[in-house]
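Take a look at the letters that make up each chain.
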Amino acid sequence: MAELQGLVERLERAITRLEQLSAEAHRPPGDCGEVNGVNGGVAPSVEAFDKLMNSMVADFLKNSRILAGDVETHNEVAALLKPISEKIQEIQTFRERNRGSSMFNHLSAVSESIPALGWVAVSPKPGPYVKEMNDAATFYTNRVLKDYKHSDLRHVDWVKSYLNIWSELQSYIKEHHTTGLAWSKTGPVASTASTFSMLSSGPGLPPPPPPPPPPGPPPLFENEGRKEESSPSRSALFAQLNQGEAITKGLRHVTDDQKTYKNPSLRAQGQTRSPTKSHTPSPTSPKSHSLQKHAPVFELEGKKWRVEYQEDRNDLVVSETELKQVAYIFKCDKSTLQIKGKVNSITIDNCKKFGLVFDNVVGIVEVINSKDVQIQVMGRVPTISINKTEGCHIYLSEDALDCEIVSAKSSEMNILIPQDGDYREFPVPEQFKTTWDGSKLVTEPAEIMA
């Protein structure tokens, strides 16, 4: 009877142990589990991140599905961030392939700010990095608001929900990961196999093979042993420092034939080589990514003239134009474009050493993220906008002297005015002085620019 009772107790203990193992196998992600007999539960940072995903991100994805089209497709790709770097590249490539989309500003807002998801690798201050990406998105979301704030409020809701993601992410980082991604000090060590199973498991996919049994827990006082091991080398270092003047005995004497100021032949050869040290050339680090060549584009797509990736071309001419057409010029280098007739607007984006000659524009001419750009107005244009550009020369005609020029974050801007059959150059101020007059702020160009 006693033997039967013992078998029953052993069976109950085995069942209890199996139930514990089953509960650990079905533990949700982020559960710190039990380590050294202490049940950690779900980490606060994981709870906060789940709250962010279930609120702001879910709201943004819902608004993206409402807008549909390219925006929905773009953000379905964004939801599959695995691994992050590859998917970020896919999102940016999707934007580049859909430049003719009616929602190009939406795609640009996401594409320019999505690198913020790499904050986990930024140290020591990932919060400002996310804010910088948020500012990059704001540049394009402002355009969306300008186009749709009076016509379609769904786009306004989409902008608010998207920007809220980065604002909440900044708050989350500030609270839980101020100086970089923080890991739980008491949580279990994440293995490669467990990470792969979390990323790849899903409906319709077979589970990965189980990992080998983990090794036993490390000793609690492992760090103290390491300190003792490093103490001899530390003692040797202090012993060398305490030598005083005797430490110079280890220096090598330099003979006259090794001195450059006494041996002209060494100056011709450059740096003197030490006879005791062998310098092995360090291998050049490979470039992070090779420059990808794009096929040049020169075509009319709907009502948009696309002039992209042109290099060393000075014969580009757009002759057949209409009032409703716009021109978009992207990443052209050492080229010149002439636009005849009258168009609605012209945008120059990411161009270098580019020249533009046009007759008439009824809207605006924008220059963004460019360098060394020259623009000549043959007829009329009401507004020219210059943003984030280094070097911009604008030749105005007699009919375009009433043109408004708006600049921001740009330098080396000059306006050339026709006078007596020639052009006179006037620089655009880059430095300003702001004072308080008792009721408001007054800003005027600094004296050095005036």
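What counts, and where the lines are drawn
Residues numbered from 1 in each chain as written. Predicted model: local features only at pLDDT ≥ 70, side-chain atom pairs only at ≥ 80, totals over all residues. Heavy atoms only, no water. Helix = DSSP H or I, 4+ residues; strand = E, 2+ residues; numbered from the N terminus. Buried < 20%, exposed > 50% of the residue type's maximum accessible area, 1.4 Å probe, protein only. pLDDT = per-residue confidence, 0-100. Contact = heavy atoms within 4.5 Å. Pairing = 2+ DSSP bridges. Axes fitted to C-alpha atoms, helices over the stretch in contact; angles between N-to-C directions. Core = buried A, V, L, I, M, F, W, Y, C linked by side-chain atoms within 4.5 Å. Parallel < 35°, antiparallel > 145°, perpendicular 65-115°, else oblique. Polar contact = N/O pair within 3.5 Å; in protein donor to acceptor, adjacent residues only side chain to side chain. Patch = residues over 30% accessible without salt bridge, like charges linked within 9 Å, V, L, I, M, F, W, Y side chains within 5 Å. Areas by Shrake-Rupley, 256 points an atom, 1.4 Å probe, with all protein chains shown as cover. Salt bridge = Lys/Arg side-chain N within 4 Å of Asp/Glu carboxyl O. Lys, Arg positive; Asp, Glu negative; His and termini not counted. Charge placed at Lys NZ, Arg CZ, Asp CG, Glu CD.

A. Highlighting the overall build of the chain. Of regular secondary structure, the chain possesses ten helices and 18 strands. For the chain, the proportion of its 450 residues judged to be buried stands at 29%.

B. Here's a closer look at the confidence of the model for the chain. Residue-level pLDDT values for the chain average 76, and 66% of them are 70 or greater. Considering only residues more than four positions removed or in separate chains, one finds that residues 191–206, a stretch of pLDDT under 50, has nine contacts. Contacts from residues 220–230, a stretch scored under 50 in pLDDT, to residues over four places away or in other chains number one contact.

C. The environment of I66, seen in detail. Secondary-structure assignment places I66 in helix α2 (residues 44–67). Spatially, the C-alpha atoms of I66 and H155 are 9.3 Å apart, while their sequence positions differ by 89 residues.

D. Representation of the sheet that holds strand β3 (residues 297–301) within the structure. Spatial ordering of the open sheet is given by β3-β4-β6-β8-β10-β12-β14, a layout of seven strands whose pairing is mixed. A single partner strand is all that each edge strand has here, and the edge strands are β3 and β14 (404–408). Along the sheet, successive strands turn relative to each other by an average axial angle of 10 degrees, direction set aside.

E. Region of interest: the pairing of strand β4 (residues 304–308). Burial analysis of β4 places four of its five residues in the buried class, the great majority of the element. Looking at chain direction, β3 and β4 are connected through five bridges and run antiparallel. Across the sheet, residue L300 finds its bridge partner in β4, namely W305. As consecutive antiparallel partners, β3 and β4 are separated by two residues, and within that stretch G302 has a phi angle of approximately 70 degrees, a positive value. In this sheet, strand β6 (residues 326–330) lies alongside β4 in parallel orientation, the contact comprising five bridges. Bridge assignment links W305 to a residue of β6, and that residue is A327.

F. The nonpolar core, seen in detail. If you look at the biggest cluster of nonpolar residues, it comprises 34 residues, and the most contacted ones within it are I329, I346, L356 and F358. Considering every element that reaches this core, the biggest residue donor is strand β9 (residues 352–361), with four residues. Excluding residues within four positions of it along the chain, I329 makes contact with V307, L337, I346, T347, I348, D349, C351, F354 and L356. If you look at the next biggest cluster of nonpolar residues, it comprises 24 residues, including I88, V110, I114 and L169.

G. Representation of the packing of helix α6 (residues 126–148) against helix α7 (residues 153–176) within the structure. As a packed pair, α6 and α7 sit with axes 10 Å apart at the nearest point and diverge in direction by 170 degrees. The orientation of α6 relative to α7 falls into the category roughly antiparallel. In this structure, α6 uses P126, G127, V130, K131, N134, A137, T138, T141, V144, L145 and Y148 to contact α7, whose residues at the interface are L153, H155, V156, V159, Y162, L163, W166, S167, L169, Q170 and I173.

H. The arrangement of the side chain of S345 in detail. Among the structural elements, S345 can be located in strand β8 (residues 345–349). Take S345: its relative accessible area is 15%, and that puts it in the buried class. Not counting residues within four places of it along the chain, the set of residues in contact with S345 comprises Q325, V326, A327, V361 and I364.

I. Layout of the environment of S335. Assignment of secondary structure puts S335 in strand β7 (residues 333–343). For the pair S335 and Q310, spaced 25 residues apart in the sequence, the C-alpha separation amounts to 6.8 Å. If sequence neighbours within four positions are ignored, S335 has contacts with Q310, E311, D312, R313, N314, L316, K353, F354 and G355. Only 3.4 Å separates the side chain of S335 from the backbone oxygen of Q310, close enough to count as a polar contact. Within the structure, the side chain of S335 is placed 3.4 Å from the backbone nitrogen of D312, a separation counted as a polar contact.

J. Broad picture of a positive patch on the surface. A surface patch of positive charge is lined by K331, K334, K352, K353 and K371. Topologically, K353 is positioned in strand β9. Judged by its relative accessible area of 49%, K353 is partly exposed.

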